[in-house]
Every structure is written in structure tokens, then in C-alpha cells.
Amino acid sequence: MAKVIGVHLRNGGKIYYYDPGDNEIHLHDHVIVESNRGMEYGKVMTLPREMDDRYFKHPPRKILRMANEEDARIDEKNHEKEDEAYRICKQRIREHNLDMKLVEAEYTFDNNKLIFYFTADERVDFRDLVKDLAGIFRTRIELRQIGVRDETKLIGGIGICGRELCCRAYLEDFAPVSIKMAKEQNLSLNPTKISGVCGRLMCCLKNEEEAYEYLNKKLPRKGDEIKTQDGRVGEVQNVNILRQRVRVIFEVDDTREVEEFDAADLVYEPGVHKKAHHSKPQAKAPAKSGRNGKDGADRKGQDGSDRKNQNRKDQDESDRKNQNPGRRDQDSENRKNQNRKDRSVEDRKNPGRKDRDSEDRKNQPRKDKAEDRKGNAIESSGEKNGDGERKRNRRPRRNRDRKNQNPNSNREGRPENGRPNGGNADKGSPAGNGSAGSGANAGKETGE
């Protein structure tokens, strides 16, 4: 167990606990204590009491001394200096054109540090500003960015209840508040009624949340089916959470009756919500006939179909006339992009496919050239003359001359000079047919 006192410092309603030591402490006395920011001038809010050590992460610090009149004058002088520092810092912020809102300036009791609190929507680069302020005030400068709740806590104010803001008065930390808490308490979800001065949901919604959760567990929900002790079955219309009263609707013949009961007088299982089923049959709409009935509905459907077909025809006609030239290009581009996506998906599923495709693309030009050569050869060999007979595939002249250079060639009909028999014969002579010819070579062959 540790003997401590609660001290209220300047930064809001949080109370810090210190060891009073051998000093005689009274309520609302001022003391000088040591905090994380340096030496502070605080006010005693609770009398000395014993607290369990498990509430403290570290042993509580001892107070330095009791404050005197000189300390009070120093604290008042610090407040005057803070006003001047606030004005100068605000002017410097405008000169540096920084998007930040200055909230408060605060001196530590020993003037070793000057702290500026500000709010901003984004991160602010204030390094140049800190250099200017350090040159003006000749002390340590600290700029601390805070939220809108902390801003309201520092400034203070009056809530819609007419009392001092909870965060300024006694709240030590900000608990998370959600819209579910307002629903549990059956409050209006109008933002202007459930939001505080800071623009966020009111912190007091958290104060009664546990009590409302406990009471709601013992009540049915709106629309649930419940049974009374006399056996009647009805539907829950409304519940009063604090009074634990339930308003129930009963259907009697064609009329409805509303009665209010205590939650203890109803038969239902807490926590199980069974919705009421309405057995009232729905009246069927009379069948329409004639001009405004089925014939009219068929005509309406036919008109809609005709309009759709006409729109398709107009669109096709505009494409044919090239009134919308970019549409086809866009469709082609979309198809290309879709093909790329499909290939990328297949590549991820089958890693080896990409390598095979690249190898096939490399070999494709060679295959194309080979096919072209083969096709040309087929065309040359497959040509036909006018009579429908295939032409003889002639041997190139270069190969023919190379073979005729051999002097020992004794092929029949091929003399040594490479010319056929009757090569010098006139067109009209019989030698032109290769049977006989004139000249020495021709006579030599005949004599043999």
C-alpha cells in the first residue's frame, strides 16, 4: 500500500498521484512537483489516502515542496508570457504559410521549456518555425500536434447539459465511443443531438453504456413475439428501458388492442428474439382485361422490344457510316487487353508455358520462310500449259552449262560443244526436228 495525494496540473482534468511525504497537505493547496515535462505548479484535489501498489506501474514520485507566495507570482507571470508567446507564434505561422491551427502556448514552471499545442489535418514540416522561435525566446521549444478532443479539453467550455465539459472536469483518458451506444440507449441518431462541442460523439455516452446493456438483456426487442401470463400472444410495439415496461399489440378479430405490461409479467426467454408473424392474407389485385388489361400489357411489351431492336439497328448503321470511328478501335483495344490478361494468368498457372511460347516465336520466322520456299517450288512445278498438260520442270541454265564443260560427255544427242543436233539448222529444215543436220559434227555422227 502507498500513501498518495491527487494533484491537478494544467493540462486538463487528469489527476496525477504523488507521495506527500511528511508534509501536511490540505485540499486545494498548491504544491511544486516534478513531471515528465519538468517542474510543475499543481493543485491538490484529493486528501492523502492509501492505494494498492498494483494501480501504479512505477512508485509514485514525491512532491518537491509546498508552494509559497513567490511561486504563485511566478506562475502568474508565466501566464502573461504565454499570451505573448502565443501571439508571436501565430504571426510566425502566417509568415511560413503553414497549414496548422495554434491552440495554446504553455511555459513550464522553471521556464526551461515552452510548449505550443496545435491541430492540423496532415503532417506539418515546422523545422524552420522551431528555429525562428528558439532564436526569439532563447529556450527549448516543443511543438505538439493534438486532436480535436484534446483541443476542447485544453480550452474548456460548457456542454449541452449546462455543466462543465467532462473532459475538462474529470476525464483522464478518452474512451472510444460508437454509434452503437446511442442505439442501445434508445437515443435519437441526429448528429446534432449526440455530438459534443468538439464535433465527436459525446463522451458521456460511455458513462451509462454498461447500465443500459444490463437492462436491455432483460427486455424483448421491438417487433418480437411475446406471450402474457393469461396465454395471449402479441407483438412488442415499444419498450421503456429505465422503467422496464413493455407496450404490446394484440390482434382481436379485425381490430388491434394496445396494452402496457411490466417486463416481469410477460413470458419470454431473455436474449432470444422471435419475430412476430402476421397471418393476415394480402388481397390480390383484380385481373385487368380489355384496353387497359392484358392487351395493354402485351402492347407495352411489344413496344419496348421494338425500341430495343431499333436502337440496335441505329447503332449498326452509325458504325457502318463511320459516325463513331473510335468505337471499333476501342473494342479492338479492349479485346487485346483481355487477351494479355488471359495470357498473364495462364503464365502464372503454368510457368514453363511462357518459355515455350517465346521459343516458338523465335522459330516462327524460319518456318514461314521454309513454307514460302516450298510453296514457290510447288507453284513452279504445278504450272500447266494451254493444253492442260504440266510443263516440264526445266533445269537451271547454270547447272546445264556446268555439266557441258566435261569434254568426255558422250550422251546421245549431246555433242562436245554442248549444242543439240541440228542446232545450226534452219527452222524450216528437217534437221530442226533432230533427225539429220548439216555441219561437220552432224556428218561425223552419221558416218559412225
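This text follows the structure it describes.
The notes below deal with the structure included here. Just so it is clear, the structure is predicted and the values come from calculations on it, not from any experiment.

**Some words on the overall build of the protein chain**
Helix and strand counts for the protein chain stand at 12 helices and 13 strands. Relative to its full complement of 448 residues, the protein chain shows a buried share of 24%. The long-range share in the protein chain, meaning contacts at least 24 apart out of those at least 6 apart in sequence, stands at 53%.

**Focus on the sheet that holds strand 1 (residues 2-8)**
The strand order across the open sheet built from 5 strands is 2-1-4-3-5, with neighbouring strands paired in antiparallel fashion. Two strands bound the open sheet, and with one partner strand each, they are strand 2 (15-18) and strand 5 (65-66). Relative to strand 5, strand 3 (residues 30-35) is paired through 2 bridges, and the arrangement is antiparallel. Opposite Ile 32, over in strand 5, you have Arg 65 as the bridge partner. Here helix 1 (residues 69-96) sits on the sheet in contact with strand 3, strand 4 (38-51) and strand 5, set at roughly 125 degrees to strand 4.

**Some thoughts on the nonpolar core**
The biggest cluster of nonpolar side chains holds 18 residues, and the ones touching the most others in it are Met 100, Leu 114, Phe 116, Leu 133, Phe 137, Ile 141 and Leu 143. Among the elements of the structure, helix 1, strand 6 (101-107), strand 7 (113-119), helix 2 (127-137) and strand 8 (140-145) are those that each provide at least two residues to this core. With 13 residues, the next largest nonpolar core counts Tyr 212, Leu 215, Val 239 and Ala 263 among its residues.

**Overview of the pattern of salt bridges**
Once the charged atoms of two side chains with opposite charge are near each other, the side chains can pair. Applying the stated rule across the entire model yields 16 salt bridges. Residue Arg 65 is joined to Asp 71 by a salt bridge in which the shortest nitrogen-to-oxygen separation is 2.4 Å. Classification of Arg 65 by relative accessible area gives partly exposed; the value is 34%. Residue Asp 71 is classed as buried on the basis of its relative accessible area of 4%.

**Regarding the environment of Thr 119**
Relative to the assigned elements, Thr 119 resides in strand 7. With 26 residues separating them in the primary sequence, Thr 119 and Gln 145 have C-alpha atoms 5.5 Å apart.

**Here we look at the side chain of Glu 209**
Structurally, Glu 209 can be placed in helix 7 (residues 209-216). Setting aside residues up to four positions removed in sequence, Glu 209 forms contacts with Met 181, Glu 184 and Gln 185.

**Brief notes about the pairing of strand 1**
With respect to burial, strand 1 is a largely interior element, 5 of its 7 residues being buried. Bridge count between strand 1 and strand 4: 6 bridges; the pairing is antiparallel. Its bridge partner being in strand 4, His 8 is matched across the sheet by Lys 43. With 4 bridges connecting them, strand 1 and strand 2 associate as antiparallel partners. Considered in strand 2, the bridge of Gly 6 is made with Tyr 17.

**Re the sheet that holds strand 6**
Taking strand neighbours across the sheet as the criterion, the 3 strands line up as 6-7-8 in an open arrangement whose pairing is mixed. In the strand order of this sheet, the two ends are held by strand 6 and strand 8, each with one partner. Going across the sheet, the axis of each strand differs from the next one's by a mean of 20 degrees, ignoring polarity. Note that strand 6 and strand 7 share 6 bridges and pair antiparallel.

**Focus on helix 7**
Quick reminder: α-helices carry 3.6 residues per turn. Residues three or four places apart thus point the same way. When we look at burial in helix 7, the residues that qualify are Glu 209, Tyr 212 and Leu 215. The buried residues of helix 7 occupy an angular sector of 130 degrees when the element is viewed end-on, so they sit on one face. Those residues of helix 7 that are exposed and aimed more than 90 degrees away from the buried face are Glu 210 and Tyr 214. Tucked inside the fold, the buried residues of helix 7 contact helix 5 (179-184).

**A look at the side chain of Gln 244**
With respect to the element layout, Gln 244 can be found in the loop between strand 10 (233-240) and strand 11 (245-252). Within polar-contact distance, the side chain of Gln 244 engages the backbone oxygen of Ile 241 at 2.8 Å. Apart from the residues within four sequence positions on either side, Gln 244 is in contact with Leu 215, Lys 218, Leu 219, Phe 261, Asp 262 and Ala 263.

**Quick notes on the packing of aromatic side chains**
Taken as a whole, this structure holds 5 aromatic pairs when the rule is applied. Ring centres 6.3 Å apart and planes at 45 degrees place the aromatic pair Phe 116 and Phe 137 in the tilted group. Of the two residues, Phe 116 is situated in strand 7 and Phe 137 in helix 2; the sequence distance between them amounts to 21 residues. Its relative accessible area of 0% is what places Phe 116 among the buried residues. For the ring pair Phe 118 and Phe 126, a centre distance of 5.8 Å and an interplane angle of 75 degrees mean the geometry is edge-to-face. Note on Phe 118: relative accessible area 1%, which makes it buried. Here the guanidinium or amino end of Lys 81 rests over the ring plane of Tyr 107, the centre of that ring lying 4.7 Å away. Its guanidinium or amino end placed over the ring of Phe 250, Arg 232 lies 4.3 Å from that ring's centre, counting from NZ or CZ.

Reading the values: the criteria
Residues numbered from 1 in each chain as written. Predicted model: local features only at pLDDT ≥ 70, side-chain atom pairs only at ≥ 80, totals over all residues. Heavy atoms only, no water. Helix = DSSP H or I, 4+ residues; strand = E, 2+ residues; numbered from the N terminus. Buried < 20%, exposed > 50% of the residue type's maximum accessible area, 1.4 Å probe, protein only. Contact = heavy atoms within 4.5 Å. Pairing = 2+ DSSP bridges. Axes fitted to C-alpha atoms, helices over the stretch in contact; angles between N-to-C directions. Core = buried A, V, L, I, M, F, W, Y, C linked by side-chain atoms within 4.5 Å. Salt bridge = Lys/Arg side-chain N within 4 Å of Asp/Glu carboxyl O. Arc of directions from axis to C-beta. Polar contact = N/O pair within 3.5 Å; in protein donor to acceptor, adjacent residues only side chain to side chain. Phe/Tyr/Trp six-rings, centres within 6.5 Å; stacked < 30°, edge-to-face > 60°. Lys NZ or Arg CZ within 6 Å of the ring centre and 35° of its normal.

Honestly, it's all geometry; don't read function into it.
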